[in-house]
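# Understanding the architecture of this molecule
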Amino acid sequence: MDPAAPFMARVAMKARHFRAALGWGGAFGGGVLLALLCACLLAAPWVWSDGAYDRQDRAARHLPPVWWPHDDEQLDRLRSAARERAAAAESTLRGIPAEALTREAWTPSEQQVGQAMPSYLLGTDLFGRDVLVRCLAGGSVSLAVGLLAAGISVVVGTLWGALAAWRGGRTDALLMRTVDVLYGLPYVLLVVLVGVAADGVLDRIQESRSREARRQRESFVAASIELAPGDARTRASAESQALELYGTGALPGAFAQSVGMLTLAVAIGGVSWLTLARVVRGQVLSLKNRPFVEAARAVGVGPVRLFMRHLLPNLAGPVIVYATLTIPQAMLQESFLSFLGIGVRPPLPSWGNMVADGLGELNPVRSNWWLLVFPCLLLAATLLSLNLLGESLRAASDPRARTR
Amino acid sequence: MSRAPATPLLEVLDLAVDFDRRDSTPLRAVEGVTFRLYPGQTLAIVGESGSGKSVTGLSLLGLQSPGRIARGRALWRESSSHDAEDLLSLRGDAIRAYRGGKIAMIFQEPMTSLNPVMRVGDQIAEAVRLHTDVSARDARSRAVDALAAVAIDEPHRRAREYPHQFSGGMRQRVMIAMAIACRPRVLIADEPTTALDATTQAQVLTLIDRLRREQRVAVILITHSLGLVAGHADVAAVMHSGRILEFAPANTILARPLHPYTVALLRCIPTIRGPIRQRLTTVRDLVRSVEPLSPGLAGHRPWWPNEFHEADRTRATVLIEPEEHHWVRVWADSKAPRGDWAIPGVQTTRIP
């Protein structure tokens, strides 16, 4: 085909022959990725609502996957978990508190225990949390951070590089030397710096909020005491009333978690746009001397429109390819940082901190291998499929590679 | 010959363009170019590579960058009742209104002059919307009309296609469609047929000719081929080293060239009837051999840049008009007219 054809048109044409367009690697990558994404998205409502990813069942801790042979000790734990569940079911059925059952020395029948036998597809961890649920939740955290970071890096990198090449001269020198300097900084340091800065801001907000709440509570209490002086019970009741009205001013946990994730994405995105800026700069340098740019000028297209409508769309090919390869890179960095304990913070799961936990549980007596293997497998499959997909997109966009 | 309106549409006066060099004095790419262009007329600017003909065309639209206008004016007169506007002094939106609106330009490389990721119809419609106050839908229908006007089959379908789906000749016709969609008064065609094969060349030139006739568009045809002058130009200017050497109606310049360079160029064209196995002579040799002749110049010495007599370096050159409507650049001397320079320009157009 005509090598001058635009990238997207080439991909579209080739997509009619899907195998030829992306090859088996791309098809496999796309398939695995799609399956994982679907699983995470479909699971999202029940994983995230009322914190299912952090629901603990102490009796059921350290259980292997349900399809794995259990030893006696594990079977004991399984049965004790089942007994507890059966008791809980009985107490709700009869409408009496669990302590009442204990007092009358109620024991579940064999049938009740069998029914209440928990089945964890991928086993449970130290706190009796479902590994499958945590894997799905961790996957969506990892994907979200990866996508967000890649998005940030694409936007910043494209604009930065394009602006440098378009303006040329001093602007170019200034922007690209900045890139060189940032290249020299270790990115872990940057991520930690951004994280600490965000924490500082959060702390300050938290502090001012709780100070404000305390002030309101105190004035409320003072006003109540003035209204009914001498009553001994006034103070305590006014205080509890004030607490109900104004709260402690603590930020909701979900807010802090989202801010943490956002910070991580910004930090990773903020260090991974550098290469893209260089790639885009090179592209724009060659594009801006192409005759169609001058032809567009000659029909009266202004500089802004020229940049937005004529130049940027021509960058779509390399940018899309690069973005596809940036997502796995960002996800890997997220996992790596979480593994080190400076990324996603528990109890929020991420494949990285789950791997770190699993590694800590590994010991010669009890391997507890499922805590390590499943997050690792999922992470590897995702990275592999994204890399295959990006690589075949890159191959499809390379005119020289299409003579096979 | 017919009498066109007495006002020239465009009057270029003493245009000079410099290109700055890093470690040297600026390079003067265009020096003292002066001519008049009348509506409905095709002016061919003929010259070899680097003679400054393209820069002259680009300067009119303010696109000479990185070149710099050193001096000169380009006066635009919409009609005799309008005041003249100097194109070279316009900046920003003012000059952008001319680009593509009143003065359209066609470039040499049709293969690369269209944006590869924009549909052809959208590119034409964009040009229309930039210069006329029409809705997106109307602009699109005008784009389709323009494609039909340049004889592209199934214009509705082709407007939705991308440039790589067109052949070279078709792309050049698309460029022309884009140029005419806003109904410009002047069309600058910068070597429009150089990259095309002979058949397609003829189609494109016929198309430009038809526009000139039907819409009274004035055409500046920049070319290095004297063959185009014969069939497609009303007046011709021969350029070398950034200066106009000779300016005359096309017939005159082909039949009675006065400047040795023009004579040499014409002699370089191989003819079918000439002697067999004769070596084609180079222009440089020919200019030397022809130079002492020049009977029509009445004693003036024709200007030629390859002469580097010490005395010539500081000598001025001047355009003289030895016969009516025929200008030649000669070395200035006592016999030359002084005070003002002649402005070449002839109000001739071919009858349709």
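Residues numbered from 1 in each chain as written. Chains lettered and ligands numbered in written order. Predicted model: local features only at pLDDT ≥ 70, side-chain atom pairs only at ≥ 80, totals over all residues. Heavy atoms only, no water.

## Brief notes about the overall build of chain B
Going by this rule: Only DSSP runs of H or I with at least four residues qualify as helices, and only runs of E with at least two residues qualify as strands; both kinds are numbered from the N terminus onward. Burial classification: accessible surface area is computed with a 1.4 Å probe over protein chains only, and a residue below 20% of its type maximum counts as buried, one above 50% as exposed, and the rest as partly exposed. Contact between two residues is taken to exist if any of their heavy atoms lie within 4.5 Å; hydrogens are not considered. Reported accessibility uses the Shrake-Rupley method at a 1.4 Å probe radius. Residues are deemed covered only where the shown protein chains occlude them.
When helices and strands are counted, chain B shows 12 helices and 12 strands. Looking at chain B as a whole, 54% of its 352 residues are labelled buried. Expressed as a percentage of contacts within chain B between residues at least 6 apart in sequence, the contacts between residues at least 24 apart total 67%. Of the roughly 16200 Å² of accessible surface on chain B, 49% is carried by carbon and sulfur atoms.

## A few points about the overall build of chain A
In terms of helices and strands, chain A carries 16 helices and zero strands. Buried residues in chain A amount to 42% of all 404 residues. Total accessible area on chain A is roughly 21300 Å²; 64% of this is exposed by carbon and sulfur atoms.

## What about the pairing of strand S8 (residues 218-223) of chain B?
Residues and elements named next belong to chain B. Here is the rule: Strands are labelled as partners when DSSP assigns at least two bridges between them.
For S8, a buried count of six out of six residues is recorded, marking the element as mostly surrounded by other parts of the structure. Side-chain alternation along S8 places Ala 218, Ile 220 and Ile 222 on one buried face and Val 219, Leu 221 and Thr 223 on a second face that is also buried. Where strand S3 (residues 42-46) meets S8, five bridges bridge the pair, whose relative direction is parallel. The residue of S8 that forms the bridge with Thr 42 is Val 219.

## Regarding the sheet that holds strand S1 (residues 10-21) of chain B
Residues and elements named next belong to chain B. Definition in use: Orientation is described by axes fitted as lines to C-alpha atoms, over the contacting stretch for helices, and by angles from 0 to 180 degrees between their N-to-C directions.
Pairing is antiparallel across the open sheet formed by four strands, whose spatial order is S2-S1-S4-S5. Every other strand in the sheet has two partners, leaving strand S2 (24-37) and strand S5 (85-86) as the edge strands with one partner each. Relative to S5, strand S4 (residues 68-76) runs antiparallel, the two being bridged by two bridges. Residue Leu 75 lies in a different strand from S5, and its bridge partner there is Asp 86. Packing of helix H1 (residues 53-60) onto the sheet brings it into contact with S1, S2 and S4, and relative to S1 it is tilted by some 110°.

## Notes on the confidence of the model for chain A
The line we're drawing: Each residue carries a pLDDT value, the predictor's own confidence for that position, ranging from 0 to 100.
Counting all residues, the mean pLDDT for chain A is 80, and 88% of those residues have values of 70 or more. Averaged over each element, pLDDT in chain A is lowest for helix H1 (residues 7-15) of chain A (61) and highest for helix H11 (residues 274-287) of chain A (91).

## Quick look at the packing of helix H3 (residues 120-131) of chain B against helix H4 (residues 136-149) of chain B
Residue and element names in this part refer to chain B. Spelled out, the test is: Definitions for this section: a left-handed crossing has its near helix turned counterclockwise from the far helix by less than a right angle. A right-handed crossing has that turn clockwise. Residues are grouped as follows: nonpolar covers Ala, Val, Leu, Ile, Met, Phe, Trp, Tyr, Cys and Pro; charged covers Asp, Glu, Lys and Arg; every other residue, Gly included, is treated as polar.
As a packed pair, H3 and H4 sit with axes 8 Å apart at the nearest point and diverge in direction by 115°. The crossing of H3 and H4 is right-handed. On H4, the residues that touch Val 120, Gly 121, Asp 122, Ile 124, Ala 125, Val 128 and Arg 129 of H3 are Ala 136, Ala 139, Arg 140, Arg 142, Ala 143, Ala 146 and Leu 147. Tallied by class, the residues present in the contact of H3 with H4 amount to nine nonpolar, one polar and four charged.

## Concerning the pairing of strand S11 (residues 317-323) of chain B
Residue and element names in this part refer to chain B. Pairing of S11 with strand S12 (residues 326-331), which is carried by five bridges, proceeds in the antiparallel orientation. Bridged to Thr 317 within S12 is Trp 331. The turn joining S11 and S12, which pair antiparallel and follow one another in sequence, is formed by two residues; a positive phi near 60° is taken by His 325.

## Some details on the pattern of salt bridges
A side chain with one charge may pair with a side chain of the opposite charge, provided their charged atoms come close. Formally: A carboxyl oxygen of Asp or Glu within 4 Å of a side-chain nitrogen of Lys or Arg is what we treat as a salt bridge.
Across all of its chains, the model carries 26 salt bridges over all chains by this definition. In this structure, a network of salt bridges that share partners links the residues Asp 14, Asp 18, Asp 20, Arg 28, Glu 31, Arg 68 and Arg 71 of chain B.

## Topic: the interface of chain A and chain B
So the rule is basically this: Buried area is understood as the total, over both parts, of accessible area removed when two parts are fitted together, assessed with a 1.4 Å probe. We call two N or O atoms a polar contact when they sit within 3.5 Å, provided that within protein one can donate a hydrogen and the other can accept it, with sequence-adjacent residues counted only if both atoms are side-chain atoms.
In this assembly, 23 residues from chain A lie in contact with 25 residues from chain B. Here chain A packs against chain B, burying approximately 2100 Å² in sum over the two surfaces, 63% of which is carbon and sulfur. Our count for the contact surface shared by chain A and chain B stands at one salt bridge. A salt bridge links Glu 126 of chain B to Arg 305 of chain A; the nearest nitrogen and oxygen atoms lie 2.7 Å apart. Summed over the shared surface of chain A and chain B, the number is seven residue pairs in polar contact (both at pLDDT 80 or more). Mapped by element, the contributors of at least two residues to the side of chain A that touches chain B are H1, helix H12 (291-298) and helix H13 (303-311) of chain A. Counting residues per element, the side of chain A that touches chain B draws most heavily on H12 of chain A, at six residues. Class assignment of the residues belonging to the side of chain A that touches chain B gives a composition of 13 nonpolar, four polar and six charged.

## Focus on the packing of helix H6 (residues 131-167) of chain A against H11 of chain A
Residue and element names in this part refer to chain A. Cut-off, in case you're wondering: An angle counts as roughly parallel when it lies under 35 degrees, as roughly antiparallel when it exceeds 145, as roughly perpendicular when it falls between 65 and 115, and as oblique in every other case.
With their axes 7 Å apart at the nearest point, H6 and H11 run at an angle of 40° to one another. When the interaxial angle is binned, H6 and H11 end up oblique. Crossing of H6 against H11: the hand is right-handed. Residues Ser 153, Val 154, Gly 157, Thr 158, Trp 160, Gly 161, Ala 162, Ala 164, Ala 165 and Trp 166 of H6 lie in contact with H11, whose contacting residues are Leu 276, Ala 277, Val 280, Arg 281, Val 284 and Leu 285.

## Quick look at H3 of chain B
Applicable threshold: In this analysis, the expected span of each helix is defined as 1.5 Å times one less than the number of residues it contains.
Taking 1.5 Å per residue, 12 residues should reach 16 Å; H3 of chain B reaches 18 Å between its end C-alpha atoms and fits that length. Among the residues of H3 of chain B, those classed as buried are Val 120, Gly 121, Gln 123, Ile 124, Ala 125, Glu 126, Ala 127 and Val 128 of chain B. On its buried side, H3 of chain B packs onto H13 of chain A together with H4, helix H5 (155-158) and helix H6 (168-180) of chain B.

## Digging into a nonpolar patch on the surface
Residues and elements named next belong to chain A. Definition in use: Each patch is built from residues lacking any salt bridge and having more than 30% relative accessible area; the joining distance is 9 Å for like charges and 5 Å for nonpolar side chains (Val, Leu, Ile, Met, Phe, Trp, Tyr).
On the surface, Val 192, Val 196, Phe 336, Phe 339, Leu 340, Ile 342, Leu 359 and Leu 362 cluster together into a nonpolar patch covering about 650 Å² of accessible area. When residues of the nonpolar patch are traced back to their parent elements, those giving at least two are helix H8 (187-227) and helix H14 (316-340). Top element by residues in the nonpolar patch is H14. It accounts for three residues. Tracing the sequence through the fold places Ile 342 in the loop between H14 and helix H15 (351-361).

## Digging into the environment of Ala 298 of chain A
Relative to the helices and strands, Ala 298 of chain A is located in helix H12. Counting along the chain gives 80 residues from Ala 298 of chain A to Glu 218 of chain A, while the straight-line C-alpha distance between them is 72 Å.

## Observations regarding the packing of aromatic side chains
Each pair of aromatic rings is reported with the distance of its centres and the angle of its planes. Note the cut-off: Here a Phe, Tyr or Trp ring, Trp counted by its six-membered ring, pairs with any other such ring whose centre lies within 6.5 Å, and the pair is stacked when the planes are under 30 degrees apart, edge-to-face when over 60, and tilted otherwise. Two limits define a charge over a ring: the Lys NZ or Arg CZ must be within 6 Å of the ring centre, and within 35 degrees of the ring normal.
Inspection of the entire model under this criterion finds eight aromatic pairs over all chains. Measuring from ring centre to ring centre gives 5.8 Å for Trp 369 of chain A and Phe 374 of chain A, while their planes differ by 50°; the resulting arrangement is tilted. On the basis of relative accessible area, Phe 374 of chain A is assigned to the buried category, the value being 12%. Taken together, the ring pairs in this structure connect Trp 67, Trp 369, Trp 370 and Phe 374 of chain A into an aromatic cluster. Just above the ring of Trp 303 of chain B sits the side chain of Arg 243 of chain B; from NZ or CZ to the centre is 4.9 Å.

## Details of unusual backbone geometry
Residue and element names in this part refer to chain B. Phi is positive for Arg 183, which is not a glycine, with a value near 50°. Relative to the assigned elements, Arg 183 resides in the loop between H6 and strand S7 (186-190). On the basis of relative accessibility, which here comes to 58%, the residue Arg 183 falls in the exposed class. In this structure, Glu 191 takes a positive phi of about 45° despite not being glycine. Following the sequence through the fold, Glu 191 ends up in the loop between S7 and helix H7 (198-215). Taking relative accessible area as the criterion, Glu 191 reaches 8% and is therefore assigned buried.

## Some points on the side chain of Arg 212 of chain B
All names here are of chain B. Mapped onto the fold, Arg 212 is located in helix H7. Judged by relative accessible area, which is 4%, Arg 212 ranks as buried. Looking at Arg 212, its side chain comes within polar contact range of the main-chain oxygen of Gly 40, at 3.1 Å.

## Brief notes about the sheet that holds S3 of chain B
All names here are of chain B. Strand order in this open sheet of eight strands is S6-S7-S8-S3-S9-S10-S12-S11, and the pairing throughout is mixed. Since the sheet does not close on itself, it has two edges, and those belong to strand S6 (103-106) and S11, each with one partner. Between one strand axis and the next, the sheet turns through 20° on average, direction left out of account. On the sheet, H7 packs against S3, S6, S7 and S8 and is oriented at approximately 155° with respect to S8.

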